[in-house]
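Chain residues, written in single-letter form:
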Amino acid sequence: LGPGLGMSLLMAALHEGNVGIVSTLSSMTPVLILPMVWIRSGRRPGISAWIGAILAIAGTALISLG
């Protein structure tokens, strides 16, 4: 149910909004899920996951500001 709803909302956003903004925000989903996985499982994700999340946030910020 979740992936179907997510893709439906993504398609609706692409239909109504700016493609660049929608694509950038949708690519942040795995980064936003990272803390939720930690809370739900009780296991801290590895350092490489956090480094990747920081790089993704920094890249999104550079795209948004540039």
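Everything quoted here is computed from the prediction, not taken from an experiment.

*Asks:* Teacher, can you tell me more about the layout of surface pockets here?
*Replies:* The gaps left among the atoms become clear once a water-sized probe is rolled over them. Of the voids in this model, the largest pocket is the one considered here, and its volume is about 170 Å³. Surrounding the largest pocket, G6, M7, L10, S26 and T29 form its lining. When residues in the lining of the largest pocket are grouped by element, the largest group, three residues, is from helix α1 (residues 2-16). Here the residues of the lining of the largest pocket are counted per class, giving two nonpolar, three polar and no charged.

*Asks:* Teacher, can you tell me more about a nonpolar patch on the surface here?
*Replies:* Judged by side-chain polarity, L32, I33, M36 and V37 come together as a nonpolar surface patch covering roughly 370 Å² of accessible area. One can find I33 in helix α3 (residues 29-41).

Here is what the cut-offs are and how they apply
- Going along each chain's sequence as written, the residues are numbered from 1 onward.
- Given that this is a predicted model, residues contribute local features only at a pLDDT of at least 70 and side-chain atom pairs are listed and counted only at 80 or more, while totals for whole chains, interfaces and linings are drawn from all residues.
- Here the side-chain values reflect all heavy atoms present in the structure, with hydrogen atoms and water set aside.
- Here a cavity denotes a set of grid points, spaced 1 Å apart and computed over the protein atoms alone, in which a 1.4 Å probe fits but from which it cannot get out, and a pocket denotes an open set meeting protein on both sides within 12 Å along at least five of seven lines; residues with an atom within 4 Å of a point are reported as lining.
- Grid points are joined across faces, edges and corners, and a volume is the space filled by probe spheres set on the points.
- Strands here are runs of E lasting at least two residues and helices are runs of H or I lasting at least four, both read from the DSSP assignment and numbered beginning at the N terminus.
- Any residue that is not Ala, Val, Leu, Ile, Met, Phe, Trp, Tyr, Cys, Pro, Asp, Glu, Lys or Arg is counted as polar, Gly included; the first ten are nonpolar and the last four charged.
- Patches were defined on residues exceeding 30% relative accessible area and lacking a salt bridge, with like-charge contacts within 9 Å and nonpolar side-chain contacts (Val, Leu, Ile, Met, Phe, Trp, Tyr) within 5 Å.
- Note that accessible areas follow from Shrake-Rupley with a 1.4 Å probe, and for residues the cover is restricted to the protein chains shown.
- We count a salt bridge whenever a side-chain nitrogen from Lys or Arg sits within 4 Å of a carboxyl oxygen from Asp or Glu.

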